[in-house]
Amino acid sequence: MAISASRLLPLVFTRAPASVVLIRVYVGLVFACEGVLKFLRPDSLGTGRFDKAGIPAPAFFSTLDGVFEIGCGALILVGLLTRLAAVPMIVDMVGALLITKLPIVWGHASLFRTEHGWWDFIHESRVDLAQLCGSVFLILVGAGSISLDARLTGVNSLRP
């Protein structure tokens, strides 16, 4: 079943300025690199981390997460289907915050045994929160004028 151009247009159209590229590059690179690291360091950042966090089927979910982070991170990085790619990354960050970081507040985080309370939660959550906010921002404004999305819709990529 083919997607018509009229249905795809809302996903790729953007009037956002060129400066959005800064957010896109940061968010896309972090997601893509973290996805790669799940495969390069499976014990500490992939299956082992998912297992220690108590996530069921840790091999399956760490692989799925890594693939999504690499794929969606790359799409965000180049600005292709940016809004669509940001959706699973929001789910990813909400899951990471709820499963691994929020328990820090009560002192029951399996990945952070010595940390507890609000300040430790905020400290450990800083990258997750930045990625979440960046992904929400990209859904709201789109990829910006320096992107493949803008090129597909004919938006001038030299506009500030």
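Everything in this summary refers to the structure shown in the same document.

Structural notes on the pattern of salt bridges
- Enumeration according to the criterion identifies three salt bridges in this entry.
- K38 is the partner of D65 in a salt bridge, and the nearest nitrogen-oxygen pair spans 3.5 Å. Residue D65 is found in helix α5 (residues 58-78), and its partner K38 is found in helix α2 (residues 20-40); the two are separated by 27 residues along the sequence.
- We note a salt bridge from K38 to E69, for which the minimum N-O separation is 2.8 Å. One end of the pair, K38, is in helix α2; the other, E69, is in helix α5, with 31 residues separating them in the sequence. When sorted by exposure, K38 lands in the same class as E69, which is buried.
- Members of the salt-bridge network, linked through shared partners, are K38, D65 and E69.

Points about the nonpolar core
- Judged by nonpolar contacts, the single largest core of 14 residues is most densely connected at V27, F31, I76, M89, M93, L132 and L138.
- Elements with a minimum of two residues in this core: α2, α5, α6 (82-101) and α8 (118-141).
- Here the element with the most residues in this core is α6; it accounts for six residues.
- When neighbours within four sequence positions are excluded, V27 is seen to be in contact with I76, Q131, G134, S135 and L138.
- In terms of nonpolar packing, the next biggest core, distinct from the first, is built from eight residues, F50, I104, A109 and F121 among them.

Quick look at the layout of surface pockets
- One number sums up the size of the largest pocket: a volume of about 830 Å³.
- Elements with a minimum of two residues in the lining of the largest pocket: α2, α4 (47-52), α5, α6 and α8.
- Sort the elements by how many residues they give to the lining of the largest pocket and α6 lands first, with 10 residues.
- The residue makeup of the lining of the largest pocket, split by class, is 18 nonpolar, four polar and 10 charged.

Digging into α8
- Where α8 bends most, the angle comes to about 55°, and this point is S125.
- For α8, the full list of buried residues reads F121, E124, S125, D128, Q131, L132, G134, S135 and L138.
- Contact partners of the buried residues in α8: α2, α5, α6 and α7 (103-106).
- Phi for G142, located one or two positions after α8, is positive at around 90°.

What about the side chain of R83?
- Mapped onto the fold, R83 is located in helix α6.
- Here R83 sits buried without a salt bridge, and the closest side chain of opposite charge, D149, lies 6.2 Å off (N-O distance).
- At 3.4 Å, the side chain of R83 and the backbone oxygen of V141 are in polar contact.
- Residues in contact with R83, not counting those within four places in the same chain, are P10, L11, V12, F13, L138, I139, L140, V141 and G142.

Reading the values: rules and limits
Within each chain, residues carry numbers counting from 1 in the order of the written sequence. The predicted nature of this model means local features are confined to residues of pLDDT at least 70 and side-chain atom pairs, given and counted, to a pLDDT of 80 or more, with totals for whole chains, interfaces and linings taken over all residues. The basis for every side-chain value is the complete set of heavy atoms in the structure, and neither hydrogens nor water enter the calculation. In the sections that follow, a salt bridge refers to a side-chain nitrogen of Lys or Arg positioned within 4 Å of a carboxyl oxygen of Asp or Glu. By the criteria applied, helices consist of DSSP H or I runs no shorter than four residues and strands consist of E runs no shorter than two, each listed in order from the N terminus. Classification of residues uses two cut-offs on accessible area relative to the type maximum, computed with a 1.4 Å probe and protein chains only: under 20% is buried, over 50% is exposed, and between them is partly exposed. Residues belong to one nonpolar core when they are buried, are Ala, Val, Leu, Ile, Met, Phe, Trp, Tyr or Cys, and are joined through side-chain atoms within 4.5 Å. Whether two residues touch is decided by their heavy atoms; if any such pair falls within 4.5 Å, the residues are in contact. Within this scheme a cavity is a closed region of a 1 Å grid, computed over the protein atoms alone, that accommodates a 1.4 Å probe without allowing it to escape, whereas a pocket is open but has protein on both sides within 12 Å along at least five of seven lines; lining residues each have an atom within 4 Å of a point. Grid points are joined across faces, edges and corners, and a volume is the space filled by probe spheres set on the points. Under the grouping applied here, Gly and all other residues not named as nonpolar or charged are polar, the nonpolar ones being Ala, Val, Leu, Ile, Met, Phe, Trp, Tyr, Cys and Pro and the charged ones Asp, Glu, Lys and Arg. To obtain the bend at a residue, axes are fitted to the seven residues ending there and to the seven starting there, and the angle between these axes is taken. For the purpose of charge, His is not counted, nor are the chain termini; Lys and Arg are scored as positive and Asp and Glu as negative. A 3.5 Å cut-off defines polar contacts: any pair of N or O atoms within that distance qualifies, except that in protein one atom must be a possible hydrogen donor and the other a possible acceptor, and neighbouring residues in sequence count only when both atoms are side-chain atoms.

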